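# Coordinate analysis (summary)
Single-letter residue listing:
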Amino acid sequence: MELAGLNIKFLPGVGEKKAAVLYEELQVQSYEDMLYHVPFKYIDRSKIYSIAELNGRLPYIQIKAKIRNLKTIGEGKALRMTATAYDETGTLELVWFKGFKFLTNQIEPDKEYLIFGQPSEFNHKLNIVHPEIDSFEKASQLLVGFQAVYPTTEKMKKAFLNSKAISKIQDSIFKTIKGKISETLPAWFIQQHKLMYLHEALYNIHFPENPDMLRKALFRLKFEELFYIQLNILKLKYKRKTYFKGHEFKTIGEYFNTFYHRYLPFELTDAQKRVIKEIRQDCGSGKQMNRLLQGDVGSGKTLVAVMCMLMALDNCCQTCLMAPTEILARQHYATLTRLLDGLPVRVAILTGASKARERRAALEGVVSGEVQLLVGTHALIEDRVRFANLGLVVIDEQHRFGVEQRARMWTKNEQPPHVLVMTATPIPRTLAMTLYGDLDVSVIDELPVGRQPVKNCVVGREYRPNAYRFLAEQVHQGHQCYVICPMIEENENLESADVISYAEILRENLPDDIRVEYLHGKMPPGRKNEIMECFAANEIQVLVSTTVIEVGVNVPNATVMMVENAERFGLASLHQLRGRVGRGKAQSYCIFISTSDKTETKKRLEILNKSNDGFEIADWDLKLRGPGDFFGIRQSGDMDFKIADIYSDSKTLQEAAEAAGFAEQNKYLLDAGRMQMLENKLEKYITEEFKLNL
Ligand code: ADP
Ligand code: MG
């Protein structure tokens, strides 16, 4: 059956209006789109909680309770209905903002209901917003073990398209199509890899018979997804190797040598030397280089980039360096101008925030060939940035960019430039090779001499006064400090309010001679740069910031990194943040303030406490989550394929990669039409984030 051609608006219970919302919010239009709108987690509906057991950290749950005190309050937009649910163990508030009119007549006192939703804490009290209510007698068919929960948006909820409604639509699809969903993989392939058939897999994704079937269903869909991604990578690699001819960097000349002998600020580490050599060989080979440079935070990747860029200049090519944030681009620009001060190199900068003059100078300079080295942000990708002769592109913190963006840099010239991407993301090497398929990998596995390992501590809130005293001491010894506050939800006002009020608190608690300033992503770029420049110049001693400074920022005089609510950050983020200190010779410190006493959180922070090695931390992260830990995976939003889940799915990935290699070599797996169809389909459910990690 051709599922892609059937419109969901004709399904029972959908209709024009709901179909329009589904299209608008999820780009779901056909049966096929709908079936690939997969749940983001599953709940065990065989368990009924008592009210006393609830807390604000639980996922979706259900209780069996009676309901009283139904009343509407507020007016206009604030109009809402509240009610109290109660069982023998306690009470709980229920709140509806929309769609409650029909409920008022439905709910009877003294009758038991099955109430389903996600408890949250508001004003120190627990409530459930927009709970689903069913009479308990009728609800017995809901108590069926595993049930899918679908992501929904506000607009969908207003259109009565909650998780339950989506589930019903999925159900009617299966009822309508009756026959099987056509298989997309050849039978021998399915057998060889012990996969579930597509029909069965899709059914179990939406209506899992049991955890085991769900696991198998997930495996099938993930395998197929990863298989096609790998196949695409291989195709790209083939194309690149066959059709792209690289600039041949034949010589090491004046620029490189003068810098190396006269201006290099320190002796290169052996690892830096080795990596530069690898890059030099690659660029000189006549093939186009596409290389990933991995090196932990503070390992000195920037200097490697600089030396390679000088190589490009020696061969009469232009070069550019792209960074993911304005702050980082400005910092690189400052570093490069300083390092290359004695050399006749024209450096320019281009970012989204560049004023007309700067922008013109950059754009005209690169097209005429006058500007040899361009530093910037995503702005470099824009089509109007044209180079006279671009030979090498360096992308810093590449995990922040998409594959597409990287690929677009290839098209800046008729002859594609060499590409060097740099990252500190600790991806185990074997995994990197598979995941990055078409990249060669170089690793800096050594820190510059004289670095002392950062000293860590994980402490509770009550430690704050000591921490403030410690900050003051460090500042009085001439050093500087970062204090990181988490973004509270994605609400911009809350984010800024948080760093602002925290800066206020610090000003009150620290001696007057210490200048405290704050920084967050929503500030005007000019102001951000000003703050960063002042911090780099030690005119500001304590910087209260959100994670805008998470990657790349280099102020070696900073010796303290204090992270508030450390439990809210992932291990990778925390490791990056810690990487902002310990970049000079002085002893540095990292203070993680944790306000959670969940054992899992404690374990996570303990890992950071014990190890400063990014690769080791990544391994621990994997072990802690465990590849087969399917609940853990689900709760982190599995289908999003965030990088951490690439760890947990690394075995699947490996197998899919091998299968793709086999298919590529034998060129007979699938016909082109089917391949295209799958690519389109997969495109949809591979999230941006996953792409970023390619
Ligand atoms: P990352 O790899 O995190 O991008 P950077 O390139 O910013 O690290 O380097 C971190 C710090 O180490 C910088 O202050 C840089 O000047 C310094 N550095 C780089 N290479 C060396 C070296 N060989 N010896 C001493 N310090 C170095
Ligand atoms: Mg860096």
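Here's what I pulled together on the structure shown here. (Residues numbered from 1 in each chain as written. Chains lettered and ligands numbered in written order. Predicted model: local features only at pLDDT ≥ 70, side-chain atom pairs only at ≥ 80, totals over all residues. Heavy atoms only, no water.)

Gly298, Lys301, Thr302, Arg451 and Arg583 are the nearest of the 18 residues found near ligand 1. Arg451 places a side-chain nitrogen or oxygen 2.6 Å from an oxygen atom of ligand 1. Side-chain polar atom of Asn554 to an oxygen atom of ligand 1: 3.0 Å apart, as the coordinates give it. Here ligand 1 has 570 Å² of accessible area as a free molecule, and 87% of this is covered by the chains. Assessed atom by atom at 2 Å from the grid points, ligand 1 resides in the second largest pocket. Top contributing element to the shell around ligand 1 by residue count: helix α11 (residues 301–314), with 3 residues. Partitioning the shell around ligand 1 into residue classes produces 6 nonpolar, 7 polar and 5 charged. (Near = heavy atom within 4 Å. Polar contact = N/O pair within 3.5 Å; in protein donor to acceptor, adjacent residues only side chain to side chain. Areas by Shrake-Rupley, 256 points an atom, 1.4 Å probe, with all protein chains shown as cover. 1 Å grid on protein atoms, 1.4 Å probe; cavity = no way out; pocket = protein on both sides within 12 Å on 5 of 7 lines; lining within 4 Å. Sits in = over half its atoms within 2 Å of the grid points. Helix = DSSP H or I, 4+ residues; strand = E, 2+ residues; numbered from the N terminus. Nonpolar A, V, L, I, M, F, W, Y, C, P; charged D, E, K, R; others polar.)

Turning our eyes to something else, we now look at the sheet that holds strand β13 (residues 373–376). Ordered by their spatial adjacency, 7 strands build an open sheet running β12-β13-β11-β14-β15-β10-β16, and the pairing between neighbours is parallel. Strands at the two margins of the open sheet, each flanked by one partner only, are β12 (347–350) and β16 (440–444). Averaged over all pairs of adjacent strands, the angle between their axes in this sheet comes to 20°, without regard to strand direction. One ladder, built from 4 bridges, connects β12 with β13; its direction is parallel. If you follow Val347 over to β13, its bridge partner there is Leu373. Of the strands in this sheet, β10 (290–295), β15 (418–423) and β16 are in contact with helix α10 (residues 270–284), which crosses β16 at around 160°. Each of β11 (318–322), β12 and β13 is contacted by helix α12 (residues 326–339), which is oriented at about 150° to β13, the strand it contacts most. (Pairing = 2+ DSSP bridges. Axes fitted to C-alpha atoms, helices over the stretch in contact; angles between N-to-C directions. Contact = heavy atoms within 4.5 Å.)

With that settled, consider the sheet that holds strand β6 (residues 119–122). Spatially, β6-β7-β4-β3-β2-β5-β8 is the arrangement adopted by the 7 strands of the open sheet, whose pairing is mixed. The open sheet has two edge strands with one neighbour each: β6 and β8 (132–135). Each strand of the sheet is rotated relative to its neighbour by a mean of 45°, with strand direction disregarded. Where strand β3 (residues 80–87) meets strand β4 (residues 90–96), 7 bridges bridge the pair, whose relative direction is antiparallel. Among the inter-strand pairings, Asp87 is bridged to a residue of β4, identified as Gly90.

Further remarks concern the side chain of Arg578. Within the secondary structure, Arg578 sits in helix α19 (residues 571–578). Put simply, Arg578 is tucked away with no salt bridge, and the nearest opposite charge, on Asp296, sits 7.6 Å away. If near-sequence neighbours (up to four positions away) are discounted, Arg578 is found in contact with Val454, Asn456, Met561, Cys590, Phe592, Leu608, Ser611, Asn612 and Ile617. (Buried < 20%, exposed > 50% of the residue type's maximum accessible area, 1.4 Å probe, protein only. Lys, Arg positive; Asp, Glu negative; His and termini not counted. Salt bridge = Lys/Arg side-chain N within 4 Å of Asp/Glu carboxyl O.)

Next up on the list: the packing of aromatic side chains. Tallied over the full model, the rule gives 10 aromatic pairs. Arranged with centres 5.7 Å apart and planes meeting at 80°, the rings of Trp188 and Phe189 form a pair that is edge-to-face. You can call Phe189 buried: its relative accessible area is 2%. For the ring pair Phe189 and Phe223, a centre distance of 6.1 Å and an interplane angle of 55° mean the geometry is tilted. Of this pair, Phe189 sits in helix α6 (residues 187–192) while Phe223 sits in helix α8 (residues 211–243), placing them 34 residues apart in sequence. Each member of the pair, Phe189 as well as Phe223, carries the same accessibility label: buried. (Phe/Tyr/Trp six-rings, centres within 6.5 Å; stacked < 30°, edge-to-face > 60°.)

This next bit is on the nonpolar core. For soluble globular proteins, the rule of thumb is that nonpolar side chains tend to be buried together. With 39 residues, the main nonpolar core has Phe259, Leu310, Leu340 and Leu392 as its most contacted residues. At the level of secondary structure, the elements contributing two or more residues to this core comprise α9 (254–263), α10, α11, α12, β13, β14 (390–395) and β15. Per-element tally for this core: the top contributor is α11, with 11 residues. Ignoring any residue separated from it by four or fewer positions in sequence, one finds Leu310 in contact with Tyr255, Phe256, Phe259, Leu340 and Leu343. The next biggest cluster of nonpolar side chains, apart from the first, holds 38 residues, and it includes Ala19, Phe146, Ala165 and Ile166. (Core = buried A, V, L, I, M, F, W, Y, C linked by side-chain atoms within 4.5 Å.)

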